[in-house]
Amino acid sequence: MAVLKRRKFFTFISLFGISFTLTILMVSTALIDKMLSPDYPDHKRSRSLYVERMEIKNSKEGWMNSSNLSMYFFNHYVSTLKNVQKMGISSNSKSSNAYVNNKKLVIGYKYTNADYWNVLEYKFLEGKAFSQKEIDDAEMIAVISKETKESYFGDEKSVVGKYISADNINYRVIGVVENVSKTVRNFSGDMYLPYSIAKDNRNNTDLMGTYTAVLLAKNEADVPKMEMEFNQMLKKVPIPKDFDKIYCNADPFFTAITRRIGGSSTNAAVAKVISLAGGFVLLFLLLPTINLVNINITRIMERSSEIGVRKAFGASSKTLVYQFIVENMILTFLGGFIGVVFSLLIIYLINQSNFISNMRLSMNLTVFCYSLLACVFFGLISGVYPAWRMSKLNVVKALKA
Amino acid sequence: MIRLQNIEKVYRTDTVETLAINGINLDIAKGEFLSIMGPSGCGKSTLLNIIGLLDEPSKGQIKIDDTDIRKFSDQQLAKFRNQKLGFIFQSYHLINDLQVLDNVELPLLYRNASAKERKALASEALEKVGLSNRLKHFPTQLSGGQRQRVAIARAIVGNPQIILADEPTGNLDSAMGNEIMEILLNLNKTEGTTIVMVTHDESMAHKTHRLVRLFDGSQVQ
């Protein structure tokens, strides 16, 4: 502690640098953890494959079409797969306008199939999901989110059986679900409708459309079999006229993300995305570490005389290196602790502000462990080189400094 | 106790080669109080640093208690210094962020002594130099003479066999300088500690058992 009290400005700069960097790292880790970890309502990720896009190509002419998929593709081809226990299909989110008390309310809605509610685990606060019969009968019914209920109906306790009007179309509310965070983008919506009431042509046999699906296997062990079966099925799908290649993937959750971020129809780019992300994090950590190394070297040079005295009275280079690294680790962990406090504050503020709708970040064990690792990384890397420089100081020169 | 044979020290830079010590042979007996004198730049401090194992000679042999130091590793040298040697510097070289007691305890940190032992030995050493009422002070709160007494306490806390003092009275007025010299003479007399002292002060040097004079790196007396 005496060392920290010395040169308060340097100590402040070091602590500020460490805590600021770690705060950003921890908040980012909390965000990424939120996006990548199983989250409401998608809790069965380990048993699921995600089908999001199809690409058809004319390799000779160089044309290409890429889009989400059609209900026809899923109902006609994917539903025949034996390893698929259930298939949850949903459309992209579309926007509609409702008017409440002369105020415009924008309602994002999605079309789903019946099994969507069996694959995803929505928490129903009231009512229930729509059934296959209700879909077959094309009933004008809706499941709405808690947020929509509060915005549209205000303080009303129960809204099942009531009507909600969006784009001048009336839907009877049959269920209310807990809000879904916008970070779970495929399953987040204000209103969910049976796909049978969508305006697109139900007799359309195009392969491409506006839908994505989650394929649920019976257990985790069946997932690779399901993927293989899907790929086999795809080979038999007739390729549309004027095209000669068709690509579509049933990916595990993380692969679906990497393919979306940095891959293509033929390359999931898992290694590429991980390397890029890892490289970015390393660079992000490296810059403040290098600065910390510089600050530490300056501090060591200022302490040359002390180092000379310690060596004269029997401290070996090894002992001094150990002492310095421990001092640095203490400083780093102090900065880490401050970083944790700041992170908790920022996470609290983000959650309160509803910055991303319905997203609730938290500082869980995973985030905390990554932060601890970052602290250790900082402490060791920023301490080792200066400590090595210090150990090489000649005693006589150090005493003269 | 200390034997120096044909010691040479050369400092080399890109352009210049300086012979700081040139073929010095010196035997120092156990319990002897030796002064080293000479004009500035004659190699006194260099010789003292070599005896104190703070610097390595370019040539020659050093034996302390018949132990040939040349082949010692960094770790072995550090341990030897810790157990056998004590240092007193002209500029005291106290650590200003540590209290007086902590400064004196310093050599004991590298002996794996317990905190209780360290405290007891440090208090005892400070009592010997008459500073037992200044344990919790910081060096910046002390006079020059008091600081040098703390430095002496630090040098003797581990009961070293040899003390190396580089101009211990150089930064002090004559009254304080005499006080310090009395402490060193007393140490030599009562504890039998071998003391090698570099000094510019002829009167201080004549109080010691023997005087060695250096000139341009060579021994002249």
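Only a predicted model underlies this, so the values are computations on that prediction, with no experimental measurement involved.

### Considerations on the pairing of strand E1 (residues 2–12) of chain B
Residues and elements named next belong to chain B. Of the pairings in the sheet, the one linking E1 to strand E2 (residues 17–28) comprises eight bridges and is antiparallel in character. Counted as the bridge partner of Val-10 is Leu-19 from E2. In this antiparallel pair of consecutive strands, E1 and E2, the connection spans four residues. Direction of pairing for E1 relative to strand E4 (residues 59–64): antiparallel, over a ladder of five bridges. Bridge assignment links Arg-3 to a residue of E4, and that residue is Lys-63.

### A look at the environment of Val376(A)
Residue and element names in this part refer to chain A. Inspection of the secondary structure puts Val-376 in helix H12 (residues 365–391). Judged by the 14 C-beta atoms lying within 10 Å of it, Val-376 falls in the partly exposed class. Considered as a pair, Val-376 and Ser-48 are 328 residues apart in the sequence and their alpha carbons are 36 Å apart.

### Comments concerning the domain arrangement of chain A
Residue and element names in this part refer to chain A. As far as domains go, chain A holds domain 1 (2–38 + 272–400) and domain 2 (61–243). Domain 1 and domain 2 are separated by 47 Å when their C-alpha centres are compared. Across the contact, seven residues belong to domain 1 and five residues belong to domain 2. A breakdown of the residues in the side of domain 1 that touches domain 2 according to their chemical character gives three nonpolar, two polar and two charged.

### Concerning helix H6 (residues 146–153) of chain A
All names here are of chain A. Those residues of H6 not exposed but buried are Thr-148, Lys-149 and Tyr-152. The buried residues of H6 occupy an angular sector of 105° when the element is viewed end-on, so they sit on one face. For H6, the elements touching its buried residues are strand E4 (94–100), strand E5 (103–112), strand E7 (141–145), strand E8 (163–166), strand E9 (169–177) and strand E10 (191–194). Directly beyond the C-terminal end of H6, a positive phi value near 70° is found at Gly-154.

### Here we look at the sheet that holds strand E6 (residues 85–88) of chain B
Residues and elements named next belong to chain B. One open sheet accounts for six strands, arranged E6-E7-E8-E3-E9-E10; its pairing is mixed. Two strands close off the open sheet at either side, each with one partner strand: E6 and strand E10 (218–219). As judged from the four bridges shared by strand E3 (residues 33–37) and strand E8 (residues 194–198), these two strands associate in the parallel manner. Bridging across to E8, Phe-33 finds its partner in Ile-195.

### Observations regarding helix H2 (residues 74–84) of chain B
When H2(B) is considered as a whole, its buried residues turn out to be Ala78(B), Arg81(B) and Asn82(B). All buried residues of H2(B) fall inside an arc of 100° around its axis, so they share one side. Packed against the buried residues of H2(B) are helix H10 (304–312) of chain A together with E6 and helix H3 (100–109) of chain B.

### Brief notes about the interface of chain B and chain A
Taken together, the contact between chain B and chain A spans 18 residues of the former and 19 residues of the latter. Every element with two or more residues in the side of chain B that touches chain A is listed here: H2 and H3 of chain B. For the side of chain B that touches chain A, the class distribution of residues is nine nonpolar, four polar and five charged.

### Let's talk about the sheet that holds E4(B)
Within the open sheet, the four strands sit side by side as E2-E1-E4-E5 (chain B). Their pairing is antiparallel. Edge positions in the sheet fall to E2 and strand E5 (67–68) of chain B, since each has one partner strand and no second.

### Points about the packing of helix H2 (residues 8–36) of chain A against H12(A)
Residues and elements named next belong to chain A. Here H2 crosses H12 at 150°, and the two axes come no closer than 9 Å. Judged by the twist between their axes, the crossing of H2 over H12 is right-handed. Touching Ile-18, Leu-22, Leu-25, Met-26, Thr-29, Ala-30 and Asp-33 of H2 are Thr-366, Val-367, Tyr-370, Ser-371, Ala-374, Cys-375 and Phe-378, all from H12. Classifying every residue of the contact of H2 with H12 by side-chain character gives 10 nonpolar, three polar and one charged.

### Looking at the environment of Leu334(A)
Mapping Leu334(A) onto the fold places it in helix H11 (residues 317–353). The exposure class of Leu334(A) is partly exposed, given the 18 C-beta atoms found within 10 Å.

### Some thoughts on the confidence of the model for chain B
Across chain B, pLDDT averages 89, with 100% of residues at or above 70. Model confidence for the complex: the whole-complex pTM is 0.70, and ipTM, which rates the interface, is 0.91.

Analysis parameters
- Residues numbered from 1 in each chain as written.
- Chains lettered and ligands numbered in written order.
- Predicted model: local features only at pLDDT ≥ 70, side-chain atom pairs only at ≥ 80, totals over all residues.
- Pairing = 2+ DSSP bridges.
- Helix = DSSP H or I, 4+ residues; strand = E, 2+ residues; numbered from the N terminus.
- Buried ≥ 20, exposed ≤ 12 C-beta atoms within 10 Å, placed from the backbone.
- Domains from an automatic or database assignment.
- Contact = placed C-beta atoms within 7 Å.
- Nonpolar A, V, L, I, M, F, W, Y, C, P; charged D, E, K, R; others polar.
- Arc of directions from axis to C-beta.
- Axes fitted to C-alpha atoms, helices over the stretch in contact; angles between N-to-C directions.
- Left-handed = near helix turned anticlockwise from the far one by under 90°.
- pLDDT = per-residue confidence, 0-100.

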